[in-house]
Amino acid sequence: MIVAPKIRGFICTTAHPDGCAKHVAEQIAVVTQRGPMTNGPKKVLVIGSSTGYGLSSRIATAFGCGAATMGIFFEKPGEADRCGTAGWYNTAAFEKQAHAAGLYARSFNGDAFSQEMKDQVIAAIKEDLGQVDCVVYSLASPRRTHPQTGEVFKSVLKPIGQSFTNKNLNTTTGVVDDVTLPAAEADDIAQTIAVMGGEDWQMWIDALLQEGLLAEGATTLAYSYIGPEVTWPIYKNGTIGKAKEDLERCQRELDEKLSPLGGKAWVSVNKALVTQASSAIPVVPLYISLLYRVMKPLGTHEDTIEQMDRLFRERLCPGTPQPDEAGRIRVDDWEMAADVQAAVASAWEKVETANLRELGDFDGYQSSFLRLFGFGLEGVDYSADTDTATAVPSLAWFCQPCLV
Ligand code: NAD
């Protein structure tokens, strides 16, 4: 099938298998070119492993530390005449490259919030790895079904206390206009915390601890964002920010639970980058466009893979996490540098549709967005037929028993 991008608002409903494979290969190359990491984790579970920060965490630990990886995600497989999702094709490509490099890689497609998924993964760890020494929690989801009560929670992106109006970018048309976001009401905050807060992370770690599946010195990580004041009403001080506060509360509790093992729980604050999750947040895509324009010429721009490589290579593996006063790892440090933020703030004041391409990196934003779905990658023939039914190898193998 010949696959072209079909963009609907902030999502692309198609994905290119060869383009996604190239995107993964480029990420692997970033890590391997920097050389192997010493003292890294060897058996890693990544929850939310198919796109964005989770995929890059899986790639950095597999190809940088030589780790065996298990990955969990919620993606749609393709068929001969219908595209699967990008995360499906990313995982298919990741596994093929990992297996070719002699690395164990096994994946699970389904709802990470469910008890069934936890049971399945626990059984697989027992069977294949014995224990894991690192658990990366990188889910971004709009909803969660509670595994015990069956209640469905929905996360919302809303300011708290009062509505918020600011500049916003239409990422398809390049029009800069204003957006007004209504204030959170009723149980919006509680719902968002239930989806994006720490409860499920805690459930995973509790379940792994209970089964004795966390190795001596095991580490667990979850990701957060803080960003500049211009985004605070919608992010840090909004409903999602409350969920991230809950994640930090959970980090402190997990840290205590892991201490008898000599282990550690971390929240890493990462840079604002174009991912499927961040493109859905109002205001943030305009900020990212301006940020890219400032950071690229400075040579400090990083994508998810450079961020995750730096997190493991410079902070976690050598044991120099450099936590801030709240105990968080900050790989958003280059984004938050005073000169970068001053330049972005000044551009923010002036930016409008007419000068977007001068003050912001709109082309860079759009190309990063398309690359998430495997489009615009060098060396990929987009006019050729591609196999949209490509399989994730481990999912195909482990289905074998049910076929016989
Ligand atoms: P993403 O959308 O690229 O990835 C989300 C992952 O979660 C995918 O692998 C998806 O399959 C998986 N997932 C979603 N629901 C699932 C479910 N029910 N069961 C199993 N898997 C499920 O998102 P991202 O931007 O990489 O975000 C990951 C984390 O990083 C989030 O906590 C986010 O807040 C944080 N973060 C993102 C940014 C940014 O700018 N993108 C910055 C800092 C921190």
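Our subject is the structure listed above.
The shown structure was predicted, so the numbers you read here are calculated from the model rather than taken from an experiment.

A. Spatial organisation of the overall build of the chain. In terms of helices and strands, the chain carries 14 helices and 13 strands. When the backbone C-alpha atoms are referred to their principal axes, the chain occupies close to 60 × 55 × 45 Å. Burial analysis of the chain (404 residues in total) assigns 56% to the buried set. Considering only intrachain contacts with a sequence separation of at least 6, the fraction spanning at least 24 residues in the chain is 78%. With the model as given, the accessible surface of the chain reaches about 16500 Å², and the carbon-plus-sulfur share is 53%.

B. Structural context of the pattern of salt bridges. Applying the stated criterion across every chain yields a total of 26 salt bridges. As a salt-bridge pair, Glu 26 and Lys 22 come within 3.3 Å of each other at their nearest N and O atoms. Taken together, the residues span about one helical turn, with Glu 26 and Lys 22 both in helix H1 (residues 17-33) at a distance of four residues. Across the pair Glu 245 and Lys 242 runs a salt bridge, and its minimum N-O distance is 3.5 Å.

C. Fine view of the site of the ligand. Close contacts around the ligand come from 30 residues, with Ser 50, Tyr 53, Ala 112, Lys 244 and Thr 275 the closest. Here an oxygen atom of the ligand and a side-chain polar atom of Ser 50 are 2.6 Å apart. Between the ligand and Gly 110, the relevant distance is 3.2 Å, taken from a nitrogen atom to a main-chain nitrogen or oxygen of the residue. Here the ligand loses 92% of its free accessible area of 840 Å² to cover by the protein chains. Of the residues assigned to the shell around the ligand, the class counts are 13 nonpolar, 13 polar and four charged.

D. View of the nonpolar core. The biggest cluster of nonpolar side chains holds 85 residues, and the ones touching the most others in it are Ile 59, Phe 63, Leu 311 and Phe 312. Not counting residues within four places of it along the chain, the set of residues in contact with Phe 63 comprises Ile 28, Val 31, Thr 32, Phe 94, Gln 97, Ala 98, Ala 101 and Leu 103. Among the nonpolar cores identified, the runner-up in size contains 34 residues, and Ile 122, Leu 213, Ala 222 and Val 267 belong to it.

E. Representation of the sheet that holds strand S3 (residues 43-47) in the model. Across the sheet, seven strands lie side by side as S5-S4-S3-S6-S11-S12-S13; this open sheet has parallel pairing. The open sheet is flanked by strand S5 (105-109) and strand S13 (329-330), the only strands paired with a single partner. Sheet topology places strand S4 (residues 68-73) next to S5; five bridges connect them, and they run parallel. Bridge pairing in S5 places Phe 73 opposite Asn 109. Helix H3 (residues 86-100) contacts S4 and S5 of the sheet and is inclined by roughly 160° relative to S5. Packed on one face of the sheet, helix H7 (residues 239-258) meets strand S11 (214-224) and strand S12 (264-269) and runs near 155° to S12.

F. Up close: helix H6 (residues 199-210). The terminal C-alpha atoms of H6, which comprises twelve residues, lie 16 Å apart, in line with the 16 Å expected from a rise of 1.5 Å per residue. Backbone geometry just downstream of H6 places Gly 212 in the positive-phi region, at approximately 65°.

G. Up close: the environment of Val 284. Tracing the backbone through its elements, the reader meets Val 284 in helix H8 (residues 284-298). With sequence-adjacent residues up to four places away left out, Val 284 is seen in contact with Thr 231 and Ser 278.

H. The arrangement of the pairing of S12 in detail. Burial analysis of S12 places five of its six residues in the buried class, the great majority of the element. Examined bridge by bridge, S11 and S12 share six bridges and lie parallel to one another. Bridging across to S12, Leu 221 finds its partner in Trp 266. Regarding the hand of the β-α-β motif, the stretch spanning S11, H7 and S12 is right-handed. The pairing of S12 with S13 spans two bridges and is parallel. Within the sheet, the bridge partner assigned to Val 269 lies in S13 and is Arg 330.

I. Examining the environment of Gln 341 more closely. The residue Gln 341 is located in helix H10 (residues 338-350) in this model. Separated by 307 residues in sequence, Gln 341 and Arg 34 have C-alpha atoms that sit 28 Å apart. Apart from the residues within four sequence positions on either side, Gln 341 is in contact with Pro 228, Tyr 287, Leu 291, Glu 335 and Met 336.

J. Expanded view of the pairing of S4. Burial analysis of S4 places six of its six residues in the buried class, the great majority of the element. Residues Ala 68, Met 70 and Ile 72 of S4 are buried on one face, and the alternating residues Thr 69, Gly 71 and Phe 73, pointing to the opposite face, are buried as well. Examined bridge by bridge, S3 and S4 share five bridges and lie parallel to one another. By the bridge assignment for S4, Leu 45 is matched with Met 70. In this fold, the crossover linking S3 to S4 by way of helix H2 (residues 52-65) has right-handed handedness.

K. The side chain of Lys 118, seen in detail. With respect to the element layout, Lys 118 can be found in helix H4 (residues 115-129). In terms of polar contacts, Lys 118 uses its side chain to reach the side chain of Asp 200, at 2.7 Å. Setting aside residues no more than four positions away along its own chain, Lys 118 makes contact with Ala 112, Phe 113, Asp 200, Met 203 and Trp 204.

L. A look at the environment of Ala 190. Tracing the sequence through the fold places Ala 190 in helix H5 (residues 188-196). Residue Ala 190 is classed as partly exposed on the basis of its relative accessible area, which comes to 47%. When the C-alpha positions of Ala 190 and Thr 61 are compared, they lie 34 Å apart, and in sequence the two are 129 residues distant.

Cut-offs used in this document
- Residues numbered from 1 in each chain as written.
- Predicted model: local features only at pLDDT ≥ 70, side-chain atom pairs only at ≥ 80, totals over all residues.
- Heavy atoms only, no water.
- Helix = DSSP H or I, 4+ residues; strand = E, 2+ residues; numbered from the N terminus.
- Buried < 20%, exposed > 50% of the residue type's maximum accessible area, 1.4 Å probe, protein only.
- Contact = heavy atoms within 4.5 Å.
- Areas by Shrake-Rupley, 256 points an atom, 1.4 Å probe, with all protein chains shown as cover.
- Salt bridge = Lys/Arg side-chain N within 4 Å of Asp/Glu carboxyl O.
- Near = heavy atom within 4 Å.
- Polar contact = N/O pair within 3.5 Å; in protein donor to acceptor, adjacent residues only side chain to side chain.
- Nonpolar A, V, L, I, M, F, W, Y, C, P; charged D, E, K, R; others polar.
- Core = buried A, V, L, I, M, F, W, Y, C linked by side-chain atoms within 4.5 Å.
- Pairing = 2+ DSSP bridges.
- Axes fitted to C-alpha atoms, helices over the stretch in contact; angles between N-to-C directions.
- Expected span 1.5 Å × (residues − 1).
- Right-handed = clockwise from strand over helix to strand, strands pointing away.

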